[in-house]
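Chain by chain, the residues:
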Amino acid sequence: FFSRFCSKRDREREAGAHAMRGGWAAALVVTCTVAAWPAVVAATGVAVPLRFRAGPPSARWAADHPQFFTQQRAGTASVPLGGGIPSIGMYYTRVLLGGQEVHVQVDTGSSTLAAPLKVCKHCRRDDRRYNLEMSEKGEVVACESSMCNGGCGYGCSSCSSSNGCCSASYKGGCHFKLSYADGSGASGALVRDELDWGGIKVNVTFGGIAEETKDFERPRVDGILGIGHSQQGCHPVCFPSAFAKMVSEGLVDDIFTICISLEGGQMLLGGIDESAMAEKITYVPAVESSAYWTARLTNKVTVGDDTFQFSKFPTQAVVDSGTTLLGLPRTAFDELRQYYQKHYCKIPGLCNGAGTWFKPGSCSAMKTEHVQALPTLKFYLQGGMTLVLPPDVYMIPYKDNGRDYMCLGLMITSMANEIVVGNTVMRRYVTVYDRVKSRIGFALSKPDCGAQTRDKSSDTDYSLATNVPAAELHNDR
């Protein structure tokens, strides 16, 4: 699935100014990014980004930036999602920036919109790029502009007369940079133009990528579209997220729905998509103090019929569409593995010492009856919601060179007190993100939710072997 392993790039270093606890890697903010499925990944596995962001815009910030806030009548828009867990390890949506199509990862763990510029260095050769010359409205935010107010420092090439940060990779532009603890990242300049997402058009500020590391994004995905709990991103200049701009201008209500299948999915902007649900929705309170879409956990987890006791219980669950797997703190992951090896050693390959398939980024040629013999996992959220994960949900099918494997849909994160509810869980549950009422909704999804939108290019067999030297494939039967 992935080209490197973390808990979503262990959280991006959102701006140099915001010191946050580590996520995927360490330091300020961390996150991991996916590449292909773990099957062809090394033992270190892979994941996607949990990108950290600052809090919502203050009243003073809004007053100082009236150009971002107007009012109209709200509507909704249904948009398809491409990608999938086995194919590329992430889900993306198609948007138009200045009338030009780009594919961006849908990420509830960050609040930033970024896309490659035509002049981008080291970007993927087959990506879609934003060309300023082809846009009627597009303009680069100059480092001398009053909008370039993030302060000089944080990798600036020089400082403007007003202490603005000038970009080192785009001459004269206001500096923009994304950095991840795994070493990947992108830089460039801020750009202003019109975004068209699902037919809803709004003027936005986004990060124009002029230079990036080779592993910044995956095949078929050009950039990122953050729709996190926080309404603005800071890199280092703070600007509203694209969805927050739609809300502030009255184009949509401050709520959206995500439904994904193993491949493909769909979103409803500005509403609740009950048509994707197989049951009545259950809401739990969102942790308002968190920069992420976060729910609180109870101290109860069950494995099969047994109540499982972690030595230290995680207290929160971060719901993150930008993370591929279900992420657990290292101690919790190790204790769960030990429990499985104590009670389910009859499953081939589980108790093979260091060669066990129960580790991040590992897959086994497991028979159906062996998958069915594994226990169901249950995580209990405060507010009355139980996330039920049968083995055929947390064991993910993967095909390599014509052979079928099952890959462990769990990973280790550096987050001590949180689990990350990634795509492994979200492919079973429709999730609703309601900022107005500060709540997160869950409902079992209908079979193959959004599968009719599956991108046919997903049929390509992306072997991790194309991205990682050593594959962790086990032929235990």
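Residues numbered from 1 in each chain as written. Predicted model: local features only at pLDDT ≥ 70, side-chain atom pairs only at ≥ 80, totals over all residues. Heavy atoms only, no water.

Turning next to the side chain of Arg124. Locating Arg124 in the fold gives a position in the loop between β4 (113-121) and β5 (139-140). On the basis of relative accessibility, which here comes to 16%, the residue Arg124 falls in the buried class. Within the structure, Arg124 has its side chain in polar contact with the side chain of Asp126 (distance 3.0 Å). (Helix = DSSP H or I, 4+ residues; strand = E, 2+ residues; numbered from the N terminus. Buried < 20%, exposed > 50% of the residue type's maximum accessible area, 1.4 Å probe, protein only. Polar contact = N/O pair within 3.5 Å; in protein donor to acceptor, adjacent residues only side chain to side chain.)

Moving on, we come to the packing of aromatic side chains. On inspection of all chains with the given rule, the structure shows 13 aromatic pairs. Ring centres 6.2 Å apart and planes at 85° place the aromatic pair Phe256 and Trp293 in the edge-to-face group. Of the two residues, Phe256 is situated in strand β14 (residues 255-260) and Trp293 in the loop between β16 (282-285) and β17 (294-303); the sequence distance between them amounts to 37 residues. Each of the two residues, Phe256 as well as Trp293, counts as buried. Considering the side-chain rings of Phe333 and Phe358, the 5.5 Å spacing of their centres and the 50° angle between planes classify their relative orientation as tilted. Remark: Phe358 occurs in the loop between α3 (330-343) and β21 (363-364) and Phe333 occurs in helix α3; sequence separation between them is 25 residues. For the pair shown, Phe333 and Phe358 are each scored as buried. Among the aromatic residues, those joined into a cluster by ring pairs are Phe333, Tyr340, Tyr344, Trp357, Phe358 and Tyr394. One cation-aromatic arrangement involves Lys300 over Tyr380; the distance from NZ or CZ to the ring centre is 4.6 Å. One residue, Arg439, lies across the ring of Tyr283, its end atom 3.6 Å from the ring centre. (Phe/Tyr/Trp six-rings, centres within 6.5 Å; stacked < 30°, edge-to-face > 60°. Lys NZ or Arg CZ within 6 Å of the ring centre and 35° of its normal.)

What follows is about the pattern of salt bridges. With the rule as written, the count across this model stands at 12 salt bridges. Between Glu101 and Arg94 there is a salt bridge whose closest N-O contact spans 3.7 Å. Classification of Glu101 as partly exposed rests on a relative accessible area of 38%. Using a relative accessible area of 38% as the deciding quantity, one classes Arg94 as partly exposed. Across the pair Asp404 and Lys399 runs a salt bridge, and its minimum N-O distance is 2.6 Å. Sharing partners across several salt bridges, the network here consists of Arg124, Asp126, Arg128 and Asp222. (Salt bridge = Lys/Arg side-chain N within 4 Å of Asp/Glu carboxyl O.)

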